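# Coordinate analysis (summary)
As a plain string of letters, each chain reads:
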Amino acid sequence: MPDQFNSNEGLTIWAVRSAACKSCDGHRSCGQERAGSRSYLCCGCGPGTGPSPTLSLLQDPGPGSGCSTHLAEHPTLAAPALEAQLFVEKFEGALGKGKGKKFYAYKVMMMKKWLKFQRDFENFKTACIPWEFKIKEIESHFGSSVASYFIFLRWMYGVNMILFGLSFGLVMIPEALMGKPYGTLPRKTVPRAEEANAMNFATLWDFSGFAQYSVLFYGYYDNKRTIGWLKFRMPLSYFLVGVGTIGYSFMVVIRTMAKNAHDDGGGDDTSFNFSWKMFTSWDYLIGNPETADNKFASITTSFKEAIVEEQESRKEENIHLTRFLRVLANFFAFCTLAGSGYLIYFVVRRSQQFALEGMDNLGWWERNEVNMVMSLLGMFCPTLFDVISSLENYHPRIALRWQLGRIFALFLGNLYTFIIALMDDINLKLEEEKIVRYNMTIWEASLYNGTVPENATAPPIQVDPADVPRGPCWETMVGQEFVRLTVSDTVTTYITILIGDFLRAVFVRFFNYCWCWDLEYGFPSYSEFDISGNVLGLIFNQGMIWMGSFYAPCLPAINIFRLHTSMYLQCWAVMCCNVPQERVFKASRSNNFYMAMLLFILFLSTLPVVYTVVSIPPSFDCGPFSGKTRMYEVIGETLEHDFPSWFAKVFGYASNPGLILPFILLMVLGIYYLNATSKSYKEANLELKKKKQKEK
């Protein structure tokens, strides 16, 4: 048999010959070879019986050999014998009978190399997925619910990479390379009164000084229509990048939700669940002891998840008592949320009164009352919600969703309280800007000996940009607040991990031998990974990025650094300092609950940005939109100067509310129709699966 011959194919021919041999009545030994033939023959069938069927297939025995009579007497041999004949004709070159032997050998060799290349490329793509092996290791020890958080974090990292590419490539780099350098304009120069402390660490940590007057913030950018030798349109690019950031975020979140819903299918896969796990879980290609340990832990965790799912599906409960306890728990949660909302509203009103009266005579608590109250509520309310959820007796996955929803409402109140405070600051800055503009008129008049310069032939007066009075620039102030909040949240998260997880685990590990009770199973014990708190912290941090990136283009870069370091630090903390949850449960395959909250936060984060762009006038002396009544006027200016007049008319007709409103109504009706169709298909899919199970 040739080398190119596959072992399975050889076994097929051998099985056919054996079947033919066993069907014969003769008792001669097999293996005789006919002279001058390359085919291996079966024994003869005795005198007068004719040659075997295998001989008739592999070598033509000639007419009158009795082969057809023999096949007619043994119909069970007809199908495999015909299959063997077709196989011989197909691989004639491999058997050395035709002229295509070398070509066939080359084709087989190239096919094997191509299959090997495909396998290696798939392994390469898997190895290129960031943190894939870390997440698999966490999933093997802590279950899919904890791993779903790290998968979500990795997805957020990819989204922020795209946002960083937009802001860095189309806003920050063009301004740094083609814009006017530092010190040429007042908006690009540190004021004279701040130069002494502009490079201090405390000043830079507060994102003031040289950090404030750089490409990191809105106020640094020039308002010229074009900059550099490329005639780059900076105001238009800045506006379109802001719009594109929001548009891309909506698109990618909705697309991911649709993909997850499609992957979910609409049915269940719990048929013979334990049998599949018992007989098909192990991977016999594992050759690494560490990988084998991870696989063993993964199988053990999957069995725990399946047992919890089965227990919850068969649990019998008193429905009336359960409903009463759940209503009572929701009442307590509502009272907690209402009380926290009123407390935040109360301290915000107090802080506004303190700001009007002056902050000089106030103590430390009065200065930081809003931040401290928010931090304390964020620290104690989730623990209270966890105690309340024990009354409801939900499945762990459903209990996690209720916990996420309640903490979501709490964080949302904190976020919008922060936005309301920023809106008040913006209004104060706008009032201050009016005073500054009046003072600048007086200052310009004083340069010409008390008269306002009206003579165009008068020589211009050279003034250092650091000495020019300037407005408050409320856009930079908003960007600074979001950057500070992001950095402080990152530092708080890292300190919480080091103190709440690492030092706690060290104390339990080394003091357990000399303590009065068992620290590992009693108080304080090892901490569990807080899925709800970490997920919501990640979602609300992303909401701050979406709100603040329009005023601070550096925010996506800061968030990428935060997510990158959080992945390594939290992976280390989970594997070294945390223990699995007492009730391990399987995460939902669709994972759309996280995405639904993220989409809601994206919508709420878009509202303040759209309001400031449409309703609030930009600062008069800083930013790419200075000198305009509203920021969106850059679109009309571009259409007027860079496009034909007919295009501006078409755009005006297309932006008419009389055309937009019917289009929105048509989109809503289309979404409703597609949603109804999707539900009907899902129900039909479930019915078909039920019928299929009944047929089994």
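Going by the annotation in an unreviewed UniProt entry, the name recorded for the chain is Transmembrane channel-like protein, with Crocodylus porosus given as the source organism. Recorded under Sequence similarities (unreviewed entry), the UniProt text for the chain is reproduced unchanged: "Belongs to the TMC family."

With that out of the way, let us pick up the nonpolar core. Among soluble globular proteins, nonpolar side chains are generally buried collectively. Within the largest apolar cluster, 98 residues are counted, with the highest numbers of intra-cluster contacts made by Phe150 and Trp474. By residue number, the principal contributor to this core is helix α15 (residues 396-447), which donates 14 residues. Apart from residues no more than four positions distant in its own chain, Trp474 is found in contact with Ile426, Lys429, Leu430, Tyr551, Thr612, Ile616, Pro617, Pro618, Ser619 and Met631.

One non-glycine residue, Trp131, lies in the positive phi region at around 60 degrees. Structurally, Trp131 can be placed in the loop between α5 (101-128) and α6 (132-142). Unlike most non-glycine residues, Phe207 shows phi in positive territory, near 55 degrees. Tracing the sequence through the fold places Phe207 in the loop between α8 (201-205) and α9 (234-264). Of the residues examined, Phe207 reaches a relative accessible area of 14% and is grouped as buried.

Enumeration according to the criterion identifies 1 disulfide in this entry. For Cys473, the disulfide goes to Cys622, at an S-S distance of 2.1 Å. Since a negative S-S torsion denotes a left-handed disulfide, the Cys473-Cys622 link at about 100 degrees is right-handed. Of this pair, Cys473 sits in the loop between α15 and α16 (474-511) while Cys622 is found in the loop between α19 (592-615) and α20 (633-642), placing the two residues 149 residues apart along the sequence. Cys622 sits in the buried class, given a relative accessible area of 5%.

About the criteria used
- Residues numbered from 1 in each chain as written.
- Predicted model: local features only at pLDDT ≥ 70, side-chain atom pairs only at ≥ 80, totals over all residues.
- Heavy atoms only, no water.
- UniProt positions renumbered as here; feature names shortened; annotations may be inferred.
- Core = buried A, V, L, I, M, F, W, Y, C linked by side-chain atoms within 4.5 Å.
- Buried < 20%, exposed > 50% of the residue type's maximum accessible area, 1.4 Å probe, protein only.
- Helix = DSSP H or I, 4+ residues; strand = E, 2+ residues; numbered from the N terminus.
- Contact = heavy atoms within 4.5 Å.
- Disulfide = S-S within 2.5 Å.

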